[in-house]
Structure formats: C-alpha cells, structure tokens
Amino acid sequence: MTVAGTILACAMASYLGTGPVLVEPPSQAVETGQSTLSLEDLDALLEEDEAEESVASLNSSEVADIIGIVVVLGFAFFSFARKSVALKYISFALSIAYLGFYKSNLVSIVNIFAILQGNLPGFRYSIPWYLLIGFTVVSTVLWGRLYCGRICAFGALTQALDRILPSRLRIDPPAWLDRRLAYLKYGILGGVLVYFLSTGDFLIYRYVEPFWMFTLNGNAVMWTLVTILLIATVFVRNLYCRYLCSVGAALGLISNFTVFRIKRWGECQTCKICEKACEWGAIDGPKISVAECVRCDDCERIYHDEKKCVHWIVLRKKPRAQTAASS
Amino acid sequence: MRRFTAAIAIIAISIPTVLLTYGRSQVGGARVEQYLEHLRTVLPEADHFVSKDGEYPHFRGYTRSTGDDVGTLVGLAYLNSDVGHVITGYASEIVVMVGLRPVGTITAVTVVTHNEPYGYRSIDLARFRDQFTNRRYRERLRVGDDVDGISGATITVSAATSAIRRSTRRMFREFVKEQIEAQP
C-alpha cells in the first residue's frame, strides 16, 4: 500500500462520514463504499460552483439585503419627492437603524480609495453595494447631495440630534467663518487621498470618519475622537457633514454638475428668509452653493408656502394694487 | 550629462534590487517565513512547512520530519487568492488561509489580510471563521444554508464563504489527482 493509497482511503473514510481521520488503516481500501472518490466527482462539484456564481442563484438572505437597500433608498427618494418633513424623519430613522447599526454600510472614503484603484467588488456578492454607490452618484448628478441629506446614517443621526437637543445650546458660526470652514473638508479629502496614494494605508479612515462607530468596534483613540465630535455637534449643527466629511467633499465636487437645481425667484435677490432658514449654510444671498446643499427641502418648502415666501406675497399684492389704482 | 548618467546608474541598480527582493519573497523558504504564523494556526500539528509552486501554489505541513525525511503529511494550506478565488471586500481584497487535511476536511481558516471598514467585524470574527473547522470539501458551505452569516455584513461573508469553498474543492481535486497519478 502506497502513501497515496492511504490518503485516498482516508479521503474515502472522510467522505463516508467517519469524521476527520488523519491516518486510516490501509486495509480500508478504496472500494469499501458504494461510491468511489473520483476526479469526475470533484470536477462535477467544481462545475456546480461555477454555475452558482451567476446572479440567478442568489439565496434568501442576499435577496433580503437587496430588498432592504431598495426600500431604504426608495423611501429616502419618496420623502425627497414629497418634500415632507415627517417622511424625512422616517427616512432618517430607517437610515440610522438599517444602514447604520444593522448593515453599517455607508459610502466611505475607502470606497473612493477602492474606486481610484479600480478595485471594485464582484457584482454577484455586492449588489447592495452597487445599488448604494449607484444611487449616490446618480442622485448627486441629478439633484445634488441627496445622499448626505438623508441616506448617510451619520448625517441622519446628527440631523435627528439637532431636532431633539434644545436650540438654545446652539452656536451658529458667522457666515464668513462658515464659508471658510466649509473648505476644510476638501483639504481633508485631498490630504487623505495623498496619504493613501503614497502609503497604501486604508486604515486612515478610522481617524477621519466616524461612520465605523455604528459597528461599535473601535479603539480608545477612535472612541475619544468620536465623543469629542458628537459633543461638538451639540453646539454646532451638522458640524461633521459641513466642515469635515471627505465623502461629502467628493460628492460636493460632483454636485457642481447637478442637473436639476433648486429654483430661485427674482425676489430671492433681496429676500433673506431662506438664507436664514438653511441649516447648512448653503445659501449666500441670491445664490445656492450646490456643493454645500444637501437637498434638505427647507428652502423649497418656504418657496411653496404662499404665506411665507415673498414671491407669492408680492404676486398677491400686485393685482390688488392695480385695482386700487384704477378705481 | 553627468546627471543623466547618474540617473541611468540608479535605475540600473534599483531594478535588479527590486526584482531580487520581490523574487526572493516568492521563493519557498521566505514564503513559508512570511506566512508562518498563519500556517501554524491552520496546521498546528505540523512542525515543518514546504511551499509548493505550480498552477495552484500552496503549502504543505509535515510532522516528525527528520533530516532528509520530510515526515508525515499533516495537511495542505493555501491562500484563496493563490487558488484563483479573489474576495473583494468593501475596501480591498481579503486574503484568507485555509488548512486542509489530506482527507478533505478543513482544519481552520485564518484571515491573512483585510481592510474591511465595516464588514471587518464579521470577516475576522472567530464566530465566522470557526464555522469552517472540521467541515468537509463536499458539504454545501453556503451562507444561510449551513454557514451562518454574521448579522449585517452578508456581502463580504458570502463572498468569503464562496472563495473558501471553491478554493478548497479546487485544492482537494488537484491533490487527489496528484495522488492518483502517483499510484503505481
């Protein structure tokens, strides 16, 4: 009996269910079982695996993941299309619970690293990832930083915090400072990219992004930094999103090509209501800075409110003024 | 002109240096050295490792080797990427090492490299890895079937499970083929 024979016998024994045996007595020959261990058998297994790599063979948990992400993205878009405040908060809750704590699946700087390297995940196993990235890029080109405004779980969390925390704690940075700080995130994006491209170190994300916190898995330095960040967010609303987020900066760059922008009336030249209402410091006089706007709908709700928006008030007054003059 | 010559000289020296350094890290002994920690984890009974080249590069672990005799084969160990089944995680490639007994049973799985930002809690969790210990090459080994996906990160876990299963089957097939051919 050769060594090979022994090994084959062991393989047979294992196949027949005698458990992990290292050395089987040589007397247990290959022919003991009903089926023999053949190369054809093994080739059939390999072929079966090959066939299974197609999209048609998704299992139930993978289908559930796809449905999950479609529901979250779909609902976020629905809330955006309806311009409803209540729906927006439901969308926040969905994002925090599902994309944040359950999946911990957010667009991250590491996705930008991977895309830059052409290192895309295999489609078969990453359909939810492709849906999320696809939706983010397409929606940014079409409408702007919709992702930041209601899909990112961290953004949703800080926006929800902003509603819960008493507004008297809040400090609004003056406009000149706000505009300068907004550029900081582009600096961080550039710095992190240079660092990554020169060192190849992915793990830098832990110190520039707080998103990992949803996994509840960090070291002391990471938890300290995120605590400082969250405390600071109590005083300065959406601090991270507005000034520090490198993903937001990247989307801000893309949003310069945004197709469907928020409409402005002629009256916006002088009116300051929306500029004051904007929680993101994205409105500067008559102009909306697309790179800062996250499509929160606050200003659009004012535009459509005939009692608040100067445009409608002026329209209503004009005919009355004309009738007064003619009588 | 002098600067140009210096540049050429630097390139001429650095290229072979890089090639040699890179090449050496791929040669047997150094490769065993590189992965020794993982090899010891997946094949703890082995006291001697050999790196095998070829279409499917892998390692073999032996026990009781003395002098010229390599000893008794304890098992094979391989990186999923060497056997042609790449796992792309969220961030970058994930490399795992699988240990396989000559009878087609997985000894253990270790994660060699990963940069998973969010999926990493699942891919490198003992709870995930330990599921493969003592599993046979022909078990189904599918997430949601006979492998538990750690809640949350099913993308990476499914991809990793598939790569572990497929590389194991491929490796075992090649090993069985080798044994059959070696028979008189």
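Now for a description of the structure that goes with this document. Being a predicted model, the structure only gives us computed values, none of them experimental.

This paragraph deals with the overall build of chain A. Within chain A, the regular secondary structure consists of 17 helices and 2 strands. When the 327 residues of chain A are sorted by exposure, 35% land in the buried category. The contacts of chain A with a sequence gap of at least 6 include a subset with a gap of at least 24, amounting to 66%.

Glancing now at unusual backbone geometry. One non-glycine residue, Asp297(A), adopts positive backbone phi at about 80°. Residue Asn134(B) is not a glycine yet carries a positive backbone phi of 70°. Given 14 C-beta atoms within 10 Å, Asn134(B) falls into the partly exposed group.

Time to look at the packing of helix α3 (residues 60–82) of chain A against helix α4 (residues 85–102) of chain A. Residue and element names in this part refer to chain A. As a packed pair, α3 and α4 sit with axes 9 Å apart at the nearest point and diverge in direction by 160°. The angle between α3 and α4 places the two elements in the roughly antiparallel class. Relative to α4, α3 is oriented so that their crossing is left-handed. Between α3 and α4, the contacting residues are Gly-68, Val-72, Phe-75, Ala-76, Phe-78, Ser-79 and Arg-82 on the first element and Leu-87, Lys-88, Ile-90, Ser-91, Leu-94, Ser-95, Tyr-98 and Leu-99 on the second. Split into classes, the residues belonging to the contact of α3 with α4 amount to 9 nonpolar, 4 polar and 2 charged.

What follows concerns the pairing of strand β5 (residues 93–100) of chain B. Residues and elements named next belong to chain B. Extensive coverage of β5 is indicated by the burial of 6 of its 8 residues. One ladder, built from 2 bridges, connects strand β4 (residues 87–88) with β5; its direction is antiparallel. Along β5, the bridge assignment pairs Thr-88 with Glu-93. The antiparallel pairing of β5 with strand β6 (residues 106–113) creates a hairpin that spans 5 residues between the two strands, and Gly-104 there sits at a positive phi of about 90°.

Residue and element names in this part refer to chain A. Counting residues in hydrophobic clusters, the biggest one holds 60 residues, and the most contacted among them are Leu-106, Tyr-147, Cys-152, Ala-153 and Phe-154. In terms of residue count, the dominant contributor to this core is α3 (5 residues). Dropping the residues within four chain positions of it, Leu-106 is found in contact with Leu-99, Cys-152, Ala-153, Phe-154 and Phe-211.

Turning our attention to the pairing of strand β2 (residues 58–63) of chain B. A regular strand carries its side chains on alternate faces of the sheet. Residue and element names in this part refer to chain B. Where strand β1 (residues 48–52) and β2 come together, 5 bridges link them in antiparallel fashion. Each bridged residue has a counterpart across the sheet, and for His-48 the counterpart in β2 is Tyr-62. Connecting β1 to the next strand, β2, in antiparallel fashion are 5 residues, including Gly-54 with a positive phi near 120°. Strand direction decides the pairing type here: β2 and strand β3 (residues 72–79), joined by 5 bridges, are antiparallel. Each residue of the ladder has a partner; that of Thr-63, found in β3, is Thr-72.

Basis of the calculations
- Residues numbered from 1 in each chain as written.
- Chains lettered and ligands numbered in written order.
- Predicted model: local features only at pLDDT ≥ 70, side-chain atom pairs only at ≥ 80, totals over all residues.
- Helix = DSSP H or I, 4+ residues; strand = E, 2+ residues; numbered from the N terminus.
- Buried ≥ 20, exposed ≤ 12 C-beta atoms within 10 Å, placed from the backbone.
- Contact = placed C-beta atoms within 7 Å.
- Axes fitted to C-alpha atoms, helices over the stretch in contact; angles between N-to-C directions.
- Parallel < 35°, antiparallel > 145°, perpendicular 65-115°, else oblique.
- Left-handed = near helix turned anticlockwise from the far one by under 90°.
- Nonpolar A, V, L, I, M, F, W, Y, C, P; charged D, E, K, R; others polar.
- Pairing = 2+ DSSP bridges.
- Core = buried A, V, L, I, M, F, W, Y, C linked by C-beta atoms within 7 Å.

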